[in-house]
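So the chains spell out like this:
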Number of protein chains: 2
Amino acid sequence: MNKFVMPEVIFGNGAIHQAGECCSRLGAKKVLIVADEGVIQAGWLEIVIKSCVDAGLSYACYQDITINPKDFEAEKGASVYIEQECDAIIGVGGGSVIDIAKAVAILASNGGSISDYEGVDRITLPLPPLVMISTTAGSGSEVSQFSVIVDSKQQKKMTIVSKSLIPDIALIDPETLATKSEKLTASTGLDVLTHAIESFVSLAATPLTDVQAKNAMMLVAQYLRPSVASKYNKEAKEQMAMASLQAGLAFSNAILGAVHAMAHAIGGKYPMLHGDVNSVLLPHVMEFNFLASPNKFMEIAQLLGEDTRGLAPQEAGRKAIAHVKQLSLDIGAPQRLSDMGFEEAAIENVAEVALQDACMITNPRDINVQQVEELLRKGF
Amino acid sequence: MNKFVMPEVIFGNGAIHQAGECCSRLGAKKVLIVADEGVIQAGWLEIVIKSCVDAGLSYACYQDITINPKDFEAEKGASVYIEQECDAIIGVGGGSVIDIAKAVAILASNGGSISDYEGVDRITLPLPPLVMISTTAGSGSEVSQFSVIVDSKQQKKMTIVSKSLIPDIALIDPETLATKSEKLTASTGLDVLTHAIESFVSLAATPLTDVQAKNAMMLVAQYLRPSVASKYNKEAKEQMAMASLQAGLAFSNAILGAVHAMAHAIGGKYPMLHGDVNSVLLPHVMEFNFLASPNKFMEIAQLLGEDTRGLAPQEAGRKAIAHVKQLSLDIGAPQRLSDMGFEEAAIENVAEVALQDACMITNPRDINVQQVEELLRKGF
């Protein structure tokens, strides 16, 4: 059975100014606004606060969030929500902020500790209204049914999957991308590509997710380079925001694969950018997964703009993989996990943790712990 | 600003059996099941009742619905809902049934008469949970924010547009298409094509609606003929169900154009199949609208499978129009409004009513009453 679900989406330059109005439409009186230091410095929090005030809403703020966000950060946010008697949540930022905003919503309405909700469909009570504003064109969390939070004691990422986590409204404002650094633009853009490719070859892919994933791949191939090249290329920012949205819709409904399973396991231990880890592992996993659906890899090559006329699927698949490697080189993304601080001694443990990740279930090729280790060594 | 909103979708053979479970998940205790005579004879109502009983729900039924459904049919349904103390609504059928189910939901929760809600965003109070099951691969109403109801006194169709009308869950079950007659398969299939083309060239089209509209066109071009040819071609039924869904998502968010504006005006007066009226008018409106976006019409030709290499947009656009005419001929759809009972004397009045229809606003080319009359004469 093909299932597809998404939030109401408002996409366009200036969308961020509608945050308060959206919450008001959802019946909110006092909103908890979740953000982080980068978002505050970029000036986006101020705009969101103004939109809430203009809509006649009270508000409180919470911003103690790090990359690869932690369980205790969600708990602290939930205390603020409860103490301040909020009744709705806005998250404004990248994937870390939005995932914490979702986790705060879970704890504030369902109680307990965040690890109680790890896995699929563990949330029973309804969440408060959620309005999420993406400022990175990367995570897709603003439209997804996922929240990924680090278990700080066990140093692993917990994947929480539930339809309740789909925000009520997602605001996607390409203008917010102009404040991102070149490095972050590259990293989050490669995360988008990974979402699109992994959801396209996922065992849970459907025609409804495929149209989104395919469009996202075409857009990344055309617009990621120019988006990294210039903060001021508005067309590239808009198209990358659309790519991020579409890849997010694809993976929220088709789930992901081995790249994300490994990246979650690594992100639980090391403070690396999620998109960087993905981009190192992506070509290796594509090589490994090729066996599972040669025709889909041929289609990936075509979507990325490669000429596959007269090629066998194997040859076309190699072109797709080479294309992904070249793109990552062109935009200066890290090429090895060891360059980012990953230690060889961690490989065995990370492989075991990755094998248990929810994303591994939809990887198109069966995989065992030795194969995961080998993929990690290739990326090392 | 690009806005996009849709219900949770469950698509696949057997989806209809989940109706009761879906209502139960939405908190329902007693469901009003809205259907019509054709649905009952095909056995689908019985299946929906069983799924409700299996889910532990009570139910009541309402089935006094005609094609181009009327205001008094909605009022009668609302009385049943209230008398029977229902708290959720399932609509199972084609566009007429689903539009009445939505209108019943409006009246049961907001009171008044259905004409109070004509136009955009006139519904203020929340509707009961809505689960809609499409059995025609045509109307797209199961995913749309529209309900089109005949004002029986004024003999015109009222278009009601509101986000509240988007069902909570849309169930799309290609197996239900196997009971449709050849004539109905052709008519509803051409309605799908009209939705896809009108939303693609609509002034309100966005990249998010375009991906849906484009895919729908490709699927209609490939699968409508075989779907009309055989009740038992499962692949064709599945693909036409997907086309209907995607065209529905496109037009719900991008709205429609002159074809639908005229078809609504005609449908308010004559008991004709909506898809038949659309298919007669579509090529004439395409010719008229070509001026507004030649490149989009070239793309339509390509999506329908035409070779446009080396052609100017005008030539490619003519191929698109010829393709649509040929498809309608091939599947035996009516070619003239007069063959369906339309009277020449009605043209002036119908043109005036059509010009006021909500769908006219997004038609890509400006249009006046003389031009509408001329289009009607071409289709006459």
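Since we're looking at a predicted model, the values are computed, not measured.

## A short note on the overall build of chain A
Move 1: Of regular secondary structure, chain A possesses 14 helices and 10 strands.
Move 2: Against the compact-globule benchmark of 21 Å for 380 residues, chain A has a radius of gyration of 20 Å, which places it among compact chains.
Move 3: With the C-alpha coordinates of chain A rotated into their principal frame, the extents come out at 60 × 45 × 40 Å.
Move 4: Expressed as a percentage of the 380 residues in chain A, the buried residues total 63%.
Move 5: Considering only intrachain contacts with a sequence separation of at least 6, the fraction spanning at least 24 residues in chain A is 76%.

## Here's the deal with the packing of aromatic side chains
Move 1: Counting across every chain of the model gives eight aromatic pairs over all chains.
Move 2: Put simply, the rings of Tyr270, Phe342 and Phe380 of chain A pair up and form one aromatic cluster.
Move 3: Over the face of the ring belonging to Phe200 of chain B we find Lys296 of chain B, whose NZ or CZ atom lies 4.3 Å from the ring centre.
Move 4: Lying across the ring of Phe288 of chain B, Arg365 of chain B places its NZ or CZ 4.2 Å from the centre.

## Structural notes on the sheet that holds strand E8 (residues 146–151) of chain A
Picture the strands of a sheet paired through backbone hydrogen bonds; they go either parallel or antiparallel.
Residues and elements named next belong to chain A.
Move 1: Strand order in this open sheet of three strands is E6-E9-E8, and the pairing throughout is mixed. Looking at the sheet topology across the chains shown, the edges are occupied by strand E6 (119–120) and E8.
Move 2: Pairing between E6 and strand E9 (residues 156–161): two bridges, direction parallel. By the bridge assignment, Gly119 is partnered in E9 with Ile160.

## Some thoughts on helix H4 (residues 71–83) of chain B
Residues and elements named next belong to chain B.
Move 1: In a regular helix each residue adds 1.5 Å, so 13 residues correspond to 18 Å; H4 covers 19 Å between its end C-alpha atoms and thus fits that length.
Move 2: Contact partners of the buried residues in H4: strand E3 (30–34), strand E4 (58–62), strand E5 (88–93), helix H5 (95–110), strand E8 (146–151) and strand E9 (156–161).
Move 3: In the stretch just after H4, Glu85 is the one whose phi turns positive, near 55 degrees.

## Section: the relation of the copies chain A and chain B
Move 1: Note on the copies: chain A fits chain B at an RMSD of 0.0 Å, the axial shift is 0.0 Å, and the rotation between them is 180 degrees. The superposition operator between the copies reduces to a two-fold rotation axis.

## What about the interface of chain A and chain B?
Move 1: Each side of the interface is counted separately: chain A has 26 residues, and chain B has 26 residues.
Move 2: In total, chain A and chain B occlude about 2100 Å² of area from one another, counting both sides; carbon and sulfur atoms represent 61% of this.
Move 3: Together, Met1, Leu208 and Val211 of chain A form the three largest contributors to the area buried by chain A at its contact with chain B, with a combined 25%.
Move 4: In this structure, the connection of chain A to chain B is made through two salt bridges.
Move 5: Residue Lys163 of chain B pairs with Glu8 of chain A through a salt bridge whose shortest N-O separation is 2.7 Å.
Move 6: Residue assignment for the side of chain A that touches chain B shows that the elements contributing at least two residues are strand E1 (2–4), strand E2 (8–11), helix H7 (207–229) and helix H8 (234–254) of chain A.
Move 7: Here the side of chain A that touches chain B takes five residues from H7 of chain A, the largest share from any one element.
Move 8: Residues of the side of chain A that touches chain B, tallied by class, amount to 14 nonpolar, eight polar and four charged.
Move 9: Here E1 of chain A pairs with strand E2 (residues 8–11) of chain B via three bridges, running antiparallel. Looking at E2 of chain B, one finds that Asn2 of chain A is bridged to Phe11 of chain B.

## Points about the domain arrangement of chain A
All names here are of chain A.
Move 1: Taken domain by domain, chain A consists of domain 1 (8–176) and domain 2 (181–379).
Move 2: Relative to domain 2, the C-alpha centre of domain 1 lies at a distance of 25 Å.
Move 3: At the junction of the two partners, domain 1 supplies 24 residues and domain 2 supplies 31 residues.
Move 4: In total, domain 1 and domain 2 occlude about 2200 Å² of area from one another, counting both sides; carbon and sulfur atoms represent 63% of this.
Move 5: Where domain 1 packs against domain 2, one counts zero salt bridges.
Move 6: For the interface between domain 1 and domain 2, the tally reads five residue pairs in polar contact (both at pLDDT 80 or more).
Move 7: Among the elements of the structure, E2, E8 and E9 are those that each provide at least two residues to the side of domain 1 that touches domain 2.
Move 8: Residue composition of the side of domain 1 that touches domain 2, grouped by class: 10 nonpolar, 10 polar and four charged.

## Focus on the UniProt feature "domain: Fe-containing alcohol dehydrogenase-like C-terminal" (unreviewed entry) in chain A
Move 1: The sites that UniProt annotates as "domain: Fe-containing alcohol dehydrogenase-like C-terminal" (unreviewed entry) are residues 185–378 of chain A.
Move 2: End C-alpha atoms of residues 185–378 of chain A are separated by 25 Å, and the span's content is 69% helix alongside 0% strand.

## Observations regarding helix H12 (residues 313–330) of chain A
Residue and element names in this part refer to chain A.
Move 1: Here H12 spans 25 Å end to end across 18 residues, near enough to the 26 Å set by a 1.5 Å rise per residue.
Move 2: Turning to H12, its buried residues are Ala316, Gly317, Ala320, Ile321, His323, Val324, Leu327 and Ser328. One side of H12 holds all its buried residues, which, seen down the axis, span an arc of 150 degrees.
Move 3: The positive-phi residue at the C-terminal boundary of H12 is Gly332, with phi of around 75 degrees.

## With respect to the packing of helix H6 (residues 182–201) of chain B against helix H11 (residues 294–303) of chain B
All names here are of chain B.
Move 1: Contact geometry of H6 with H11 gives a least axis separation of 10 Å together with a crossing angle of 150 degrees. Relative to H11, the element H6 is oriented roughly antiparallel. Both H6 and H11 take part in a crossing whose hand is right-handed. Contacts between H6 and H11 pair Ile197, Phe200 and Val201 from the former with Lys296, Phe297, Glu299 and Ile300 from the latter.
Move 2: Taken together, the residues of the contact of H6 with H11 sort by class into five nonpolar, no polar and two charged.

## With respect to the side chain of Ser144 of chain B
Move 1: Note that Ser144 of chain B resides in the loop between strand E7 (130–134) and E8.
Move 2: Within polar-contact distance, the side chain of Ser144 of chain B engages the backbone nitrogen of Phe146 of chain B at 3.1 Å.

## Concerning the UniProt feature "domain: Alcohol dehydrogenase iron-type/glycerol dehydrogenase GldA" (unreviewed entry) in chain A
Move 1: The positions that UniProt labels "domain: Alcohol dehydrogenase iron-type/glycerol dehydrogenase GldA" (unreviewed entry) are, in the present scheme, residues 8–174 of chain A.
Move 2: In the segment residues 8–174 of chain A, helix accounts for 32% and strand for 26%; the C-alpha atoms at its two ends are 17 Å apart.

## Side note on the pattern of salt bridges
Move 1: Under the definition given, this model contains 26 salt bridges over all chains.
Move 2: One salt bridge in this structure joins Arg377 of chain A and Glu344 of chain A, with 3.9 Å as the shortest N-O distance. Here Arg377 of chain A is found in helix H14 (residues 369–379), whereas its partner Glu344 of chain A is found in the loop between H12 and helix H13 (347–355), with 33 residues between them in sequence.
Move 3: Overall, Arg377 of chain A belongs to the partly exposed group, its relative accessible area being 40%.
Move 4: Given a relative accessible area of 47%, Glu344 of chain A falls into the partly exposed group.
Move 5: Note that Arg309 of chain B is salt-bridged to Asp307 of chain B, the shortest N-O span being 3.0 Å.
Move 6: Of the residues examined, Arg309 of chain B reaches a relative accessible area of 71% and is grouped as exposed.

## Side note on the sheet that holds E2 of chain B
Move 1: In space, the seven strands of this open sheet follow the order E1(A)-E2(B)-E10(B)-E7(B)-E5(B)-E3(B)-E4(B), with mixed pairing throughout. The sheet is open, and its two edges are formed by E1 of chain A together with E4 of chain B, each paired on a single side. Pairwise comparison of adjacent strand axes, ignoring direction, gives a mean angle of 15 degrees for this sheet.
Move 2: The pairing of E3 of chain B with E4 of chain B spans five bridges and is classified as parallel. Among the inter-strand pairings, Ile33 of chain B is bridged to a residue of E4 of chain B, identified as Cys61 of chain B.

## Concerning the state of the cysteines
All names here are of chain B.
Move 1: Evaluated as defined, the whole model comprises zero disulfides over all chains.
Move 2: Summary of cysteine pairing: Cys22 is not part of a disulfide, and the nearest cysteine sulfur, belonging to Cys23, is at 7.0 Å.
Move 3: With no disulfide partner, Cys86 has as its closest neighbouring cysteine sulfur the one in Cys61, 9.3 Å distant.
Move 4: Take Cys86: its relative accessible area is 8%, and that puts it in the buried class.

Reading the values: rules and limits
Residues numbered from 1 in each chain as written. Chains lettered and ligands numbered in written order. Predicted model: local features only at pLDDT ≥ 70, side-chain atom pairs only at ≥ 80, totals over all residues. Heavy atoms only, no water. Helix = DSSP H or I, 4+ residues; strand = E, 2+ residues; numbered from the N terminus. Rg over C-alpha atoms; globule rule 2.2 N^0.38 Å. Buried < 20%, exposed > 50% of the residue type's maximum accessible area, 1.4 Å probe, protein only. Contact = heavy atoms within 4.5 Å. Phe/Tyr/Trp six-rings, centres within 6.5 Å; stacked < 30°, edge-to-face > 60°. Lys NZ or Arg CZ within 6 Å of the ring centre and 35° of its normal. Pairing = 2+ DSSP bridges. Expected span 1.5 Å × (residues − 1). Least-squares fit on C-alpha atoms with pLDDT ≥ 70 in both. Buried area = accessible area lost by both parts, 1.4 Å probe. Salt bridge = Lys/Arg side-chain N within 4 Å of Asp/Glu carboxyl O. Nonpolar A, V, L, I, M, F, W, Y, C, P; charged D, E, K, R; others polar. Domains from an automatic or database assignment. Polar contact = N/O pair within 3.5 Å; in protein donor to acceptor, adjacent residues only side chain to side chain. UniProt positions renumbered as here; feature names shortened; annotations may be inferred. Arc of directions from axis to C-beta. Axes fitted to C-alpha atoms, helices over the stretch in contact; angles between N-to-C directions. Parallel < 35°, antiparallel > 145°, perpendicular 65-115°, else oblique. Left-handed = near helix turned anticlockwise from the far one by under 90°. Disulfide = S-S within 2.5 Å.

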